[in-house]
Amino acid sequence: MIGTKTIFLAQWDHKHGQDVSAHKTEKGAFEQCVVWMRECLSEWYAPDDEDHERYSQMSDDDLFASWTDITGEEYMTVATVALHN
């Protein structure tokens, strides 16, 4: 019998290419995306900018949902991939 396992890819599409990270859980992939977002938020808005303050205080779900609107050109996704033995 052929077994399958599922992994979840955190994917960040940006102007320099794509970053990808594989995770055992969907939550882990989502959390990686949020880490990337929070780490680079200062590249989009200066720390003293009121938009930076507003975005940095968003919940993880709201930040993830708003990322393309915030950056205008970047995409964060979590992709489900089935691994076949």
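Residues numbered from 1 in each chain as written. Predicted model: local features only at pLDDT ≥ 70, side-chain atom pairs only at ≥ 80, totals over all residues. Heavy atoms only, no water.

Focus: the sheet that holds strand 3 (residues 75–84)
Backbone-to-backbone hydrogen bonds pair the strands of a sheet. The strands run either parallel or antiparallel. Pairing within the open sheet is antiparallel, and its three strands lie in the order 2-1-3. The sheet is open, and its two edges are formed by strand 2 (17–23) and strand 3, each paired on a single side. Mean inter-strand twist for the sheet, computed between neighbouring axes without regard to direction, equals 25°. In the sheet, strand 1 (residues 4–14) pairs with strand 3 via ten bridges, with the strands oriented antiparallel. Note that in strand 3 the partner of Gln-11 across the bridge is Thr-77. Helix-sheet contacts for helix 1 (residues 26–44) involve strand 1, strand 2 and strand 3, and the interaxial angle to strand 1 is about 15°. Here helix 3 (residues 60–71) sits on the sheet in contact with strand 1 and strand 3, set at roughly 120° to strand 3. (Pairing = 2+ DSSP bridges. Helix = DSSP H or I, 4+ residues; strand = E, 2+ residues; numbered from the N terminus. Axes fitted to C-alpha atoms, helices over the stretch in contact; angles between N-to-C directions. Contact = heavy atoms within 4.5 Å.)

Side note on the pattern of salt bridges
Within this structure, the stated rule accounts for three salt bridges. The partner of Glu-31 in a salt bridge is Lys-27, and the shortest N-O contact between them spans 3.6 Å. Taken together, the residues Glu-31 and Lys-27, both in helix 1 and four residues apart, mark about one turn of the helix. Taking the shortest distance from any N to any O, the salt bridge between Arg-54 and Asp-51 comes out at 2.7 Å. On the criterion of helical spacing, the pair formed by Arg-54 and Asp-51 is a turn pair, its members being three residues apart in helix 2 (residues 50–56). The partly exposed category is assigned to Arg-54, whose relative accessible area is 44%. (Salt bridge = Lys/Arg side-chain N within 4 Å of Asp/Glu carboxyl O. Buried < 20%, exposed > 50% of the residue type's maximum accessible area, 1.4 Å probe, protein only.)

Notes on the nonpolar core
Ranked by size, the top nonpolar core spans 16 residues in total, and within it Trp-67, Ile-70 and Met-76 carry the most contacts. Elements with a minimum of two residues in this core: strand 1, helix 1 and helix 3. Per element, the largest residue contribution to this core is six residues, and it comes from helix 1. Those residues within four positions of Ile-70 in sequence are excluded, and the remaining contacts are Leu-41, Tyr-45, Tyr-55, Met-58 and Leu-63. (Core = buried A, V, L, I, M, F, W, Y, C linked by side-chain atoms within 4.5 Å.)

Some details on helix 3
An α-helical turn contains 3.6 residues, so any two residues separated by three or four positions project in the same direction. Over its twelve residues, helix 3 extends 16 Å from the first C-alpha to the last, a length consistent with the 16 Å expected when each residue adds 1.5 Å. Turning to helix 3, its buried residues are Leu-63, Ser-66, Trp-67, Ile-70 and Thr-71. Buried residues along helix 3 cover an arc of 160° about the axis, so they all sit on one side. When the buried face of helix 3 is taken as reference, the exposed residues oriented beyond 90 degrees from it are Asp-61, Ala-65 and Asp-69. (Expected span 1.5 Å × (residues − 1). Arc of directions from axis to C-beta.)

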